[in-house]
Amino acid sequence: MENVINILGIETSCDETAAAVVADGGIIKSSVVASQSGLHAQYGGVVPEIASRAHIENIYPVISEALQKADCTKDDIDAVAVANQPGLTVALVVGVTAAKTLSMTWQKPLIAINHLHAHMQSALLGNPDIELPAVALIVSGGHTSLYDYHSPLEPKLLGCTIDDAAGEAFDKVAMILGLPYPGGPSIEKAAKDGNPKAFDFPRTMLDKNSLDFSFSGIKTAVLYHCRGQDMKGDNTTGSMSKQQIADIAASFQKAVVDVLVKKTKRAAEQTDAKTILLGGGVAANSLLRAELQKLCDHSNYELLIAEKRYCTDNAVMVASLAYHKFKAGLFANLSLESKANG
Ligand code: KG4
Ligand code: ZN
């Protein structure tokens, strides 16, 4: 029998410091996530310098806890994997430095992971065997991307946002409505009591065959709706009723989900996909999950969605994807750098 491959994954691309130990790409031995959302809430978004400092404080305890919970010592770990792109470079560098240090002192291979590809992998955690080709929709705070997925190592980008990411739009609209950060969960909560048909916010589809996204228009539409075209209106948070806020949240959420689902359908048709994968922080949204399920039931696609706890940033997805790189012998060296794009 082959030996089990244990990989320690590290994730620090934005405002979560995370570490996990995953065996053979799918057996989750531990997952530790230290969220910084409380630190950034007062600013309505992630402040890179604050994120970087918090990662420095959290990284050692988070890694230690992940090893302890997995009941592993360094001798049980076969490789150290880290998300090195894309993300905030001052945040990524903390995870990358920790991973390089451990790789060097433990004498274990180092594996570099693309954070967005890892989000894709989170949809496959419980279901590694899928019918290909697949289309993956990755929706997060920094990215909104569609991929043609043939293997874990070679996803091909089909389209992405040309301005704001979907999660960014949720966060900014929440700020306009005076709802707490992070905006996605706040909007979803407020929308529960709202009417999604109350306001007809724009659904930007771009060209007929385009698989790119644009969410800055809807964000501006909500802003103008609340403050007036001249931005002098007084319809700010203080003067809006709870019902008005709920109706705007529900109408905004429905418009964003409509675009995401329509573009995913378009991508699946263009690539003859059999399966659809959904991952990233916004994939935690219940309406998106339900509407995509409807599409798949109707059009006979298999739908795989990351478990809610693995939609937002975590290190399980990093360690899981790293297993495929480990098997393919794709290792990084100590010159590995963090990159904002990728
Ligand atoms: O993947 P993620 O944890 O971090 C990045 O890689 O960016 O995604 C965070 C984003 C935030 O914009 C947050 O508002 C959004 O995911 N989000 C949601 C929900 N939960 C988190 N958006 C909509 N509905 C949710 N339930
Ligand atoms: Zn992410």
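Here's a quick rundown of the structure. Every residue gets a number counted from 1 within its own chain, in the order that chain's sequence is written. Following the order in which they are written, the chains are lettered starting with A and the ligands numbered starting with 1. Only residues with pLDDT of at least 70 are given local features in this predicted model, and only at 80 or more are side-chain atom pairs given and counted; all residues enter the totals for whole chains, interfaces and linings. Calculation of side-chain values draws on the structure's entire complement of heavy atoms; hydrogens and water are dropped beforehand.

### Points about the sheet that holds strand β7 (residues 144-149)
In step 1: In short, DSSP must find at least two bridges between two strands for them to pair. A run of H or I in DSSP becomes a helix once it reaches four residues, and a run of E becomes a strand once it reaches two; helices and strands are each numbered from the N terminus. Read from one edge to the other, the open sheet built from five strands follows the order β8-β7-β6-β9-β10, with strand pairing classed as mixed. The open sheet has two free edges, formed respectively by β8 (156-160) and β10 (302-305), since each of these has just one partner strand. The mean inter-strand angle of the sheet, taken between neighbouring strand axes irrespective of direction, is 20 degrees.
In step 2: The strands touched by helix α9 (residues 286-299) are β6 (134-139), β9 (275-279) and β10; relative to β9, the strand with the most contacts, the crossing angle is about 175 degrees. Fitting a line to C-alpha atoms yields each axis, with helices limited to the stretch in contact; the angle taken between N-to-C directions then spans 0 to 180 degrees. Residue contacts are counted whenever heavy atoms from the two residues lie within 4.5 Å of one another.

### Description of the site of ligand 1
In step 1: A molecule or strand has a residue near it when one of that residue's heavy atoms lies within 4 Å. Of all residues adjacent to ligand 1, which total 19 residues, the nearest are Gly141, Asp171, Gly184, Glu188 and Asp313.
In step 2: One nitrogen or oxygen atom from the side chain of Asp171 is found 2.7 Å from an oxygen atom belonging to ligand 1.
In step 3: Pairs of N or O atoms are called polar contacts if they sit within 3.5 Å, as long as, within protein, a hydrogen donor faces a hydrogen acceptor (for residues adjacent in sequence, only side-chain-to-side-chain pairs). In the environment of ligand 1, an oxygen atom lies 3.0 Å from a nitrogen or oxygen atom belonging to the backbone of Gly281.
In step 4: In these tables, accessible area is a Shrake-Rupley quantity obtained with a 1.4 Å probe, and a residue counts as shielded only by the protein chains included in the view. Alone, ligand 1 offers 550 Å² of accessible surface; in the complex the protein occludes 91% of this.
In step 5: Taking a 2 Å distance to the grid points as the criterion, the majority of the atoms of ligand 1 fall inside the largest pocket.
In step 6: The set of elements that each furnish at least two residues to the shell around ligand 1 consists of α4 (115-122), α5 (166-176) and α6 (183-191).
In step 7: Counting residues per element, the shell around ligand 1 draws most heavily on α6, which supplies four residues.
In step 8: Here the shell around ligand 1 is built from residues that sort into five nonpolar, 11 polar and three charged. As defined here, a cavity is a set of points on a 1 Å grid over the protein atoms alone where a 1.4 Å probe fits but cannot get out. A pocket is an open set with protein on both sides within 12 Å along at least five of seven lines, and residues line them when an atom is within 4 Å of a point. A molecule is counted as occupying a cavity or pocket when more than half of its atoms fall within 2 Å of that pocket's grid points. Here the nonpolar group is Ala, Val, Leu, Ile, Met, Phe, Trp, Tyr, Cys and Pro; Asp, Glu, Lys and Arg are the charged ones; every other residue, Gly included, is treated as polar.

### Here's the deal with unusual backbone geometry
In step 1: For the peptide bond that leads from Gln85 to Pro86, omega is -20 degrees, which places it in the cis range.
In step 2: You can see Pro86 is positioned in the loop between β4 (79-85) and α3 (89-106).
In step 3: Here the bond from Tyr181 into Pro182 is cis, since omega is -5 degrees, no more than 30 degrees from zero.
In step 4: Topologically, Pro182 is positioned in the loop between α5 and α6.
In step 5: Residues other than glycine seldom take positive phi values, yet Leu206 does so here, at roughly 60 degrees.
In step 6: Its location among the elements puts Leu206 in the loop between α6 and α7 (216-227).
In step 7: The phi torsion at Asn300 lies on the positive side, around 65 degrees, for a residue other than glycine.
In step 8: Note on placement: Asn300 falls in the loop between α9 and β10.

Function-wise, these values are silent; they only describe arrangement.
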